[in-house]
Amino acid sequence: MAQIPNLDNAPLNLTSLREQSQKDLLTILNNIRAKKCLVIDQKLSGSLALILQTSLLKEHGAELRHLSSEPVQTECTRVIYLVRSQLNLVKLISAHIQNDISKGLQREYSVYFVPRRTVACEKIFEEEKVHHLLTIGEYPLYMIPLDEDVLSFELDVAYKDYLVDGDTSSLWHIAKSIHKLEFSFGVIPNVRAKGKASARIADILNRMQVEEPVNTSDTGAPEINTIILLDREVDMVTPMCSQLTYEGLLDELLRVSNGSVEVDASIMGAQQEGKKTKVPLNSSDKLFKEIRDLNFEVVVQVLRQKATSMKQDYTEMTTTNQTVSELKDFVKKLNSLPEITRHINLAQHLSTFTSKPSFLAKLDMEHTIVEAQSYDICFEYIEEMIHKQEPIVNVLRLLVLFSITNSGLPKKNFDYLRRELLHSYGFEHMGTLNNLEKAGLLKKQETKGNWLTIKRALQLVVEDTDTANPNDIAYVFSGYAPLSIRLVQHAVRSGWRPIEEILKLLPGPHSESKRGGYSSSPSFDTLPGSPANLDKVADGRRSLVLVVFVGGVTFAEISALRFLSAQLAQHADTHCVLDGLLFHIQETNIKNYLFPVQNENALLPAQVPLPLLFPA
């Protein structure tokens, strides 16, 4: 199965976005007629795999290399670097050029920054005295379709950059991406924003429309009627809980990266010890599309039923005389056998983790913490985890969850757990803890918390959740409804005015405004309160909602949004388009949030690569 997702069923013409990105890249290559070597940074390489096949680049005369500290080995005299605007990557390129000069190699160099060049990067080239040897350009890749209803800005560390380092460049990037989207699909008339970063993005978006207006006569009626901007900071409880949907668990335990997981070939049934295989995960796989958003308990049942059904069909084929038409139907069913086998293998591997008492105990403790009614039990559980030296990622997730739901920890407990963590796991984690404090994820208790009020008002804990036949988004966490998606649910059903007092208890300002030919005032008074007025398209077409998570989204939240979209479609012609940075903070992916100041390559006692939270 191809890793490039099929976008034919997308609610917007996302294929045109992908084709434009392909065209822009091929234009860069075609501008250099000689044979060339295209050097791509590793992270960007994964993103490009979702846009075009590498064979297409080779057809346009490009040798492919990954950017590393090693000099580029090629016979080509033209070298093109395609990299993100990061200083460490610029220093690597400078080192390559200096190495070539020292060896007397005559080459021409081009550097294309993704999505745009920056003064800081060019300054490094000048300091390294290689700027005069370079042709510098831009490859404006601002967003990538990960699937038919998911776009990604590919900003892995936006949350850390903004909250810890005070770097707001990612906010401009997000606003620019949305503005580019508007040139294809029209000015989005309704904007709801919650959080400091989201409010700034809404403001930047309005300024961009003034400075570089989208011509409404060219785009026609807007295809996206409402955009909801949500800061990750508004809901840090959800990403600290273990995802329990099929795709969410795959991300928790195997890490989904660029729409695929990489696993040992033996897990997929191959007799090749130690070899890795990449398994694409997108809606082009019909079975995956059917089960990706289900609670994992249900997935196991569905796979069992499909395997049993195929076995029965096979038995009938071998014991009775079949007509040609019946044979054709059976052969058609056999086409789905590779998909069934693939997901049975993955589900079996996941089950080896989910059946462990330690996994079930952790889930139980997460729910206890979310309930926020058994402080001493939760504190003792985390203390015991530290003393047992359980994986530090697991400990930190529970500790952050504990801190957020209690509005911090009493000074005595805070100092004690911090000290125990450093003694147990090493003082190289001091930078990690400092960054968590700076981001407000781990702090001393100064005021009484409001989590219980928020939890009750928004019905975040749902008793007796039916995971097999869900009627609420809480099924994705087996009883906890993601706070972020509850806010979206209120926004599209009745607006935010009825829950305005609750919104004030959450971090950052909130606003609702109209754009285009309407007033852009952020006042609630500029908008009617009901979704019938705000989110209904005037000419009777379906209403499209673009949900933007500023700082990342989990797969469980995406599943909850799809469930919400299906529910709304039953009552009104509404469809949600989801936009996440896919900047996940689950299990192995929590490295997007943690980082040690002194030594990024430090190892834990078990010789497991150190998970990085807030990488530099």
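One can find the structure itself at the top, above this paragraph.
Source: prediction; values computed, not measured.

Turning our attention to empty space enclosed by the protein. Here the structure, examined in full by the defined rule, presents five cavities of 30 Å³ or more. The space that makes up the largest cavity amounts to roughly 90 Å³. As for the largest cavity, its lining consists of Ala 158, Tyr 159, Tyr 162, Leu 163, Ser 170, Leu 171, Ala 197, Asp 231, Arg 232, Glu 233, Val 550 and Gly 551. For the lining of the largest cavity, the secondary structure elements donating two or more residues are helix 6 (158–163) and helix 7 (169–185). Per-element tally for the lining of the largest cavity: the top contributor is helix 6, with four residues. For the lining of the largest cavity, the residue count by class is seven nonpolar, two polar and three charged.

As a further point, take the packing of aromatic side chains. All told, the structure shown has nine aromatic pairs when counted by the stated rule. On the basis of an interplanar angle of 15 degrees and a centroid distance of 6.4 Å, the ring pair of Tyr 375 and Phe 379 is categorised as stacked. Separated by four residues within a single helix, Tyr 375 and Phe 379 lie in helix 16 (residues 375–387), roughly one turn from each other. Under the relative-accessibility criterion, Phe 379 is labelled buried at 12%. With a centroid separation of 4.8 Å and 35 degrees between ring planes, the pair formed by Tyr 375 and Phe 402 is classed as tilted. With Tyr 375 in helix 16 and Phe 402 in helix 17 (residues 392–405), the pair connects residues that are 27 residues apart, well separated along the chain. For Tyr 375, a relative accessible area of 23% corresponds to the partly exposed category. Relative accessible area serves as the criterion here: at 1%, Phe 402 is assigned to the buried category. These aromatic residues form a ring-pair network of at least three members: Tyr 375, Phe 379, Phe 402 and Tyr 416. The ring of Trp 172 is capped by Arg 116, whose NZ or CZ atom sits 3.9 Å from the centre of that ring.

Within a regular beta strand, the side chains point alternately toward one face of the sheet and then the other, so they alternate between its two faces. Across three bridges, strand 6 (residues 144–147) lies against strand 7 (residues 150–152) in antiparallel orientation. Of the residues in strand 7, the one forming a bridge with Ile 144 is Ser 152. If you look at the hairpin formed by strand 6 and strand 7, you'll find two residues sitting between the two strands.

This part covers the pattern of salt bridges. Two side chains of opposite charge can pair, provided their charged atoms sit close to one another. Inspection of every chain in the model, using the stated rule, returns 31 salt bridges. Between Asp 235 and Arg 232 there is a salt bridge, with its nearest N and O atoms 3.5 Å apart. What makes Arg 232 buried here is its relative accessible area of 3%. Here Arg 562 ties to Asp 293 by a salt bridge, and the two come within 2.9 Å at their closest N and O atoms. Linking Arg 562 in helix 24 (residues 555–571) with Asp 293 in the loop between helix 11 (286–291) and helix 12 (296–319), this pair joins segments that are 269 residues apart in sequence. Relative accessible area serves as the criterion here: at 15%, Arg 562 is assigned to the buried category. Judged by relative accessible area, Asp 293 falls into the buried class, the value being 14%. By sharing partners, the salt bridges in this structure join Lys 35, Glu 63 and Arg 65 into a single network.

Bringing the pairing of strand 9 (residues 226–231) into the picture now. Judged by how many residues are buried, strand 9 sits mostly within the fold: six of six residues are covered. Covered by surrounding structure in strand 9 are Thr 226, Ile 228 and Leu 230 together with Ile 227, Leu 229 and Asp 231, the residues of both alternating faces. For strand 8 (residues 190–194) and strand 9, the ladder comprises five bridges, and the chain directions are parallel. Each bridged residue has a counterpart across the sheet, and for Ala 193 the counterpart in strand 9 is Leu 229. Across six bridges, strand 9 lies against strand 13 (residues 543–550) in parallel orientation. Note that in strand 13 the partner of Asp 231 across the bridge is Val 550.

Before going further, it helps to spend a moment on the sheet that holds strand 1 (residues 36–40). Remark on secondary structure: sheet strands pair via backbone hydrogen bonds, oriented parallel or antiparallel. An order of 2-1-3-4-5 is seen for the five strands of this open sheet, with the pairing classed as parallel. Of all strands in the sheet, those with a lone pairing partner are strand 2 (62–66) and strand 5 (134–138), marking the two edges. The mean inter-strand angle of the sheet, taken between neighbouring strand axes irrespective of direction, is 20 degrees. Of the pairings in the sheet, the one linking strand 1 to strand 3 (residues 78–84) comprises five bridges and is parallel in character. When the bridges of strand 3 are listed, Lys 36 appears paired with Arg 78. In this fold helix 4 (residues 87–102) packs onto strand 3, strand 4 (108–114) and strand 5, with an angle of close to 165 degrees to the strand it touches most, strand 3.

Now for the packing of helix 16 against helix 18 (residues 411–425). It is the contact of helix 16 with helix 18, at a shortest axis distance of 9 Å, that shows an interaxial angle of 20 degrees. Viewed along their axes, helix 16 and helix 18 adopt a mutual orientation that is roughly parallel. The crossing of helix 16 and helix 18 is left-handed. From helix 16, Tyr 375, Phe 379, Ile 382, Glu 383, Met 385, Ile 386 and His 387 reach across to helix 18, where they touch Asn 413, Tyr 416, Leu 417, Glu 420, Leu 421, Ser 424 and Tyr 425. For the contact of helix 16 with helix 18, the residue count by class is nine nonpolar, three polar and two charged.

Another point: the nonpolar core. Within the largest apolar cluster, 156 residues are counted, with the highest numbers of intra-cluster contacts made by Leu 48, Leu 82, Ile 178 and Leu 487. Once you skip the residues sitting within four places of it in the chain, Leu 48 turns out to touch Leu 25, Ile 40, Leu 82, Tyr 139 and Leu 141. Ranked by size, the runner-up nonpolar core spans 21 residues in total, among them Ile 93, Phe 113, Cys 121 and Ile 124.

Definitions and limits used
Numbering of residues starts from 1 in each chain and follows the order in which that chain's sequence is written. Totals for whole chains, interfaces and linings use every residue, but because this is a predicted model, local features are given only for residues with pLDDT of at least 70 and side-chain atom pairs only at 80 or more, for both listing and counting. Only hydrogens and water are set aside; all other atoms, that is, all heavy atoms of the structure, feed into the side-chain values. Put simply, the grid is 1 Å and covers the protein atoms alone, a cavity is a trapped set of points that fit a 1.4 Å probe, a pocket is an open set with protein on both sides within 12 Å along at least five of seven lines, and lining residues have an atom within 4 Å of a point. Grid points are joined across faces, edges and corners, and a volume is the space filled by probe spheres set on the points. Secondary structure elements are taken from DSSP: a helix is a run of H or I of four residues or more, a strand is a run of E of two residues or more, and numbering for both begins at the N terminus. When residues are grouped by polarity, Ala, Val, Leu, Ile, Met, Phe, Trp, Tyr, Cys and Pro land in nonpolar, Asp, Glu, Lys and Arg in charged, and all others, Gly among them, in polar. Only rings of Phe, Tyr and Trp enter the pairing, Trp through its six-membered ring, and a pair is recorded when the two centres are within 6.5 Å. The plane angle decides the type: under 30 degrees is stacked, over 60 is edge-to-face, the rest tilted. Only protein chains enter the area calculation, which uses a 1.4 Å probe; residues under 20% of their type maximum are buried, those over 50% are exposed, and those in between are partly exposed. Note on geometry: a ring has a charge over it if NZ (lysine) or CZ (arginine) is within 6 Å of the ring centre and within 35 degrees of the ring normal. When DSSP locates at least two bridges between a pair of strands, those strands are taken to pair. The rule for a salt bridge is simple: a side-chain nitrogen of Lys or Arg has to be within 4 Å of a carboxyl oxygen of Asp or Glu. To obtain each axis, a line is fitted to C-alpha atoms, and for helices this fit is confined to the stretch in contact; angles are then taken between N-to-C directions over 0 to 180 degrees. Contacts were defined at the residue level, with two residues in contact if any of their heavy atoms lie within 4.5 Å. Note that the term roughly parallel is reserved for angles under 35 degrees, roughly antiparallel for angles over 145, roughly perpendicular for angles of 65 to 115, and oblique for everything else. In this scheme the handedness of a crossing depends on how the near helix is turned from the far one: anticlockwise by less than a right angle means left-handed, clockwise means right-handed. Remark: nonpolar core denotes a set of buried residues (Ala, Val, Leu, Ile, Met, Phe, Trp, Tyr, Cys) joined through side-chain atoms within 4.5 Å.

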